[in-house]
Amino acid sequence: MNKKMKKNVIKIGFIYISMFIILISYLSYFVIVKSEGIVIHANNRRMDPVENEVVRGDILSSDNKLIATTVTNGGDSVRTYPQANRYSHAVGYTQKGKTGIEAFANVELLRPDYNLESIFKRAFEGEKFQGRDIVLTIDDRLQTAAQNSLGDNRGAIVIIESSTGKIKSLVSKPDFNPNNVAQNWETLITDETNTPLVNRVSSGLYPPGSIFKIVTTEAFLNDNNSEADLSYNCTGQITTGDNTIRCYNDTVHGELNLSSAFAKSCNTYFINMGRDIGARGLRKTGEKLLFNKSLPLAMEHSKSQLLKGELIPDAELSATYIGQGKTLITPIHAAMITAAIANEGVLMEPYMIDYSKDKKGNIKTKNLPKYVDEIISPKDAKRIEELMVKVVQEGTGSKAAVNNMYVGGKTGTAENEGAKDHSWFVGFAGSESPEISIAIIIENAGRDASASSVAHNLIKEYQNIR
Amino acid sequence: MAYLDMFILLSRYVFVGFMIVFIYISATFVTNVPNKLSIFEKHKTKLQYTCIFFFNLAGYSILIARQEDKLLKIGLLKNGIMFIVVVTLTGWILRITKRSKEIPMYNIILFLANIGIIMLERLNHNEASKQIIWCALGLGLALFLPRLLQVFINHKFRTLYAIAGWLLILTPFLLGEEKNGANNWIMIGSGEGAFGFQPSEMVKILLVLYLASALLTKDGKKLNYRKFIVPMLTAAGYILCLVLQRDLGGGLIFFLTSLTILYVASNSILLYLLGIGSGTMAAMIGYTLFSHVRVRVEAWRDPWKDISGKGYQIVQALFAIGTWGWFGSGLTRGYPEKIPVVTSDFIFAAICEEFGNLFGIGVIFLYLILILYGIRILLDINDDFLLLLGLGIINLIGIQVFLIVGGVIKLIPLTGVTLPFVSYGGSSMLVSIFMIGLLQYVADHMEDKSGSIANSKMVEK
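These numbers were taken from a predicted model, which means no experiment stands behind them.

Reading guide: rules and limits
Residues numbered from 1 in each chain as written. Chains lettered and ligands numbered in written order. Predicted model: local features only at pLDDT ≥ 70, side-chain atom pairs only at ≥ 80, totals over all residues. Heavy atoms only, no water. Pairing = 2+ DSSP bridges. Helix = DSSP H or I, 4+ residues; strand = E, 2+ residues; numbered from the N terminus. Axes fitted to C-alpha atoms, helices over the stretch in contact; angles between N-to-C directions. Contact = heavy atoms within 4.5 Å. Buried area = accessible area lost by both parts, 1.4 Å probe. Salt bridge = Lys/Arg side-chain N within 4 Å of Asp/Glu carboxyl O. Polar contact = N/O pair within 3.5 Å; in protein donor to acceptor, adjacent residues only side chain to side chain. Nonpolar A, V, L, I, M, F, W, Y, C, P; charged D, E, K, R; others polar. Domains from an automatic or database assignment.

Enquirer: Help me get a handle on the sheet that holds strand β17 (residues 406–414) of chain A, residues and values and all.
Expert: Residue and element names in this part refer to chain A. The five strands are arranged β8-β7-β19-β18-β17 in an open sheet whose pairing can be described as antiparallel. The strands lining the two open edges of the sheet, one partner per strand, are β8 (167–173) and β17. In this sheet, neighbouring strand axes are inclined to one another by 10° on average, regardless of whether the strands run parallel or antiparallel. Note that strand β7 (residues 155–161) and strand β19 (residues 436–442) share seven bridges and pair antiparallel.

Below is the structure:
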């Protein structure tokens, strides 16, 4: 009996070894993987007092422009933003809580890289440790161009590098000066018409207007094949039940195929196309393109909405095919769909922090591009890309064209009850093939194609700096 | 102040260093790989002692330097010295009574106790002072009591063990006080001098004594069914009492320990699976019956849902563990006091926060070494009763460690049990150390046949 017992005792020994290895592995997993979210959790106040002994790191643009820095004046340190309003929504603020990159990269900004020199300086001269610097993917020249071209309009611009997901520019207006947030706090939080603290790029939900025809087209191609076409004779109006929708400015477009209809943004054509697709088909494609879902995106954002609810009235469904209806989309989402089209259907996760470095310039943590999914088949993506190039060559987006640049896009006018319409442009540009993708919305811009002109400016600036 | 901060930041690496050296030395006692450096071999327990000495010195130095109150500084100094005296005395007594081979295991639990005491000093000086006294008392009991009472460590007393167990486990129903949501405390005395104690801690020892004797068979015979029905029902009765007293962790420890002893005694995997099956069923019934069980499971599944309510404790523990990375915040530089009941159930989170997660992993390793060391001792024992007794003790400790560490890091639902040798708590400290004494007694009497039915040693050899 005793021998058998001892054999079983050894077995129990092995059970304990495996149980304790599980404990150790889980703890390690927790530290390596889960703790990132723990450290930046809003309820976790443990890092707050660290600011007393670490000088918060700087934030820089990809072209090395200083965006945020901490100025130490005697015992006091003050966070200052030399570019004032330009990065208000991208980088956020540090007075009255932290937002944007300041919140997201809080730990990295406060993470000192101890070395003998810094430890001795701390010990003998009472000097504070230096936190790490954050280098963004945003290019200051594009950011400046975007800021200027929006002018005093309300709206949003986001530029993404299609093949990597790097955010090259992110502007939301109205903005604020992060240097005086505390001072202007009352106005900032009470101004409900301008809502300057809202980041419209990620949280602004807008009716997409005609840029949604991209989604309708993809639903059609997905149902048929990438080469599919459809002929239709536009008479300037189309009736579903007792609801009649007209083409823009009551234009009669006549005989159309997909390419010409897309270039001219013919409403009746796409409502007719929608009859082939149906609500289920459109919702399926829409959800593949991340409508009604959280986006793969680190920053806080709203969910775009498409065909919510079970029973959709016919009139609403017709309107949905051309982007009216109840559909809502965020500018960053529109830019992501465009970027996927420009990147052979593959969506890369948009990100704003390129890398962090210590004060000696050694790179500490580097963010690598993250593959999300192939949300459109490569063939469909190529076809839509061609359709979008046509829009700029000879269609509604011709104002966006830039000499010696390969540009494609889609314009949109979102009807806005009781006020002037919003103007949309989504598109891509590059020297020979798409490199950057852009989404622009200008609130209440009226019926002139102003978003296309802004796109022109930005692409021109990109041409200069690339 | 900056000096001190620098010292504390550097001390994090020193603490991890002590831990690694200590683990390395202690592990050699388990693996028993003959070491070529015979000088090293001779001085292994001295090296262990040196680790404890300097760990204690470094920990107390930081705490004394951080303390601004002169009186408390002196209190800290006294405690620091007192603890090291306790450690030194333990080694000395074992050496002069020619029981030097027991020193390594005592050193392991004293190192664990030292980690706990330094953490307690940082959190609550009064509790630390009491803890040192409990530790000294526990050592006194562990070193001498099993030998003084060796007539009572005999399988013939099985009925006595069972009855004593019943009496103790039923007392909280009559005299129980509630503490931390459990009803398993009884208070002795009143006012300032009152102290609480957990009868279930003592029942642990009686349970393994009882099961080890009741599940014993005559040489070579298989355990027949009649024989284990009564012991298992008794164990089930104890467990039910604990569950009714809301001591879920205790119940689970009793259950798994009983099952393991049954498995080894009967050599039947079928019985083991049957036990696990009925245990799972009982747990499911418990889940539907008791709301406090559901609350625990709920808080484990998604503590973030109710951060300020049910999930508060576990979320604070996760913040403590997750904020500072591998090397921790440095002693006194973290915020472990934000975790409720940090000195008892959650002390592991506090250790991970301030000494770092690498050190925390070291603590887990140290327990594993303690368990494997115990198992190695068992393999030399030819008396079935003593073997089962030792096995029970090892399981009581091992399961408890797994439950509380796993609970604190949210691997499994939290069951409020203490971390043996480390957590604050008189009964826990006394009984845990006493169990090590009993294990050493078992090791020392492996050839003793006075309490043995199975006189199998000669046959096997």
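Here the narrative resumes, following the displayed structure.
Enquirer: Mind laying out the interface of chain A and chain B, listing which residues take part and the relevant values?
Expert: Facing the 43 residues of chain A at the interface are 67 residues of chain B. Carbon and sulfur atoms make up 73% of the area that chain A and chain B hide from each other, which totals about 4900 Å². On the surface where chain A and chain B come into contact, there are one salt bridge. In this structure, the salt-bridge partner of glutamate 353 of chain B is arginine 46 of chain A, at a minimum N-O distance of 2.7 Å. For the interface between chain A and chain B, the tally reads nine residue pairs in polar contact (both at pLDDT 80 or more). Taken together, the elements giving at least two residues each to the side of chain A that touches chain B come down to α1 (2–39) and α5 (116–125) of chain A. No other element matches the 27 residues that α1 of chain A contributes to the side of chain A that touches chain B. Class assignment of the residues belonging to the side of chain A that touches chain B gives a composition of 27 nonpolar, eight polar and eight charged.

Enquirer: I'd like a description of the domain arrangement of chain A, backed by residues and values.
Expert: Residue and element names in this part refer to chain A. As far as domains go, chain A holds domain 1 (3–136) and domain 2 (140–353 + 368–465). Listed as interface residues are 23 residues of domain 1 and, on the opposing side, 24 residues of domain 2. Where domain 1 abuts domain 2, roughly 2200 Å² becomes buried across the two surfaces, and 59% of that area is made up of carbon and sulfur atoms. Across the domain 1-domain 2 interface, the total number found is three salt bridges. Close ionic contact of aspartate 140 with arginine 86 constitutes a salt bridge, the shortest N to O distance being 3.0 Å. Linking domain 1 with domain 2 are 13 residue pairs in polar contact (both at pLDDT 80 or more), by the criterion used here. If you list the elements that add at least two residues to the side of domain 1 that touches domain 2, you get β4 (76–80), α2 (88–91), α3 (100–104) and β6 (133–136). In terms of residue class, the side of domain 1 that touches domain 2 is made up of eleven nonpolar, seven polar and five charged.

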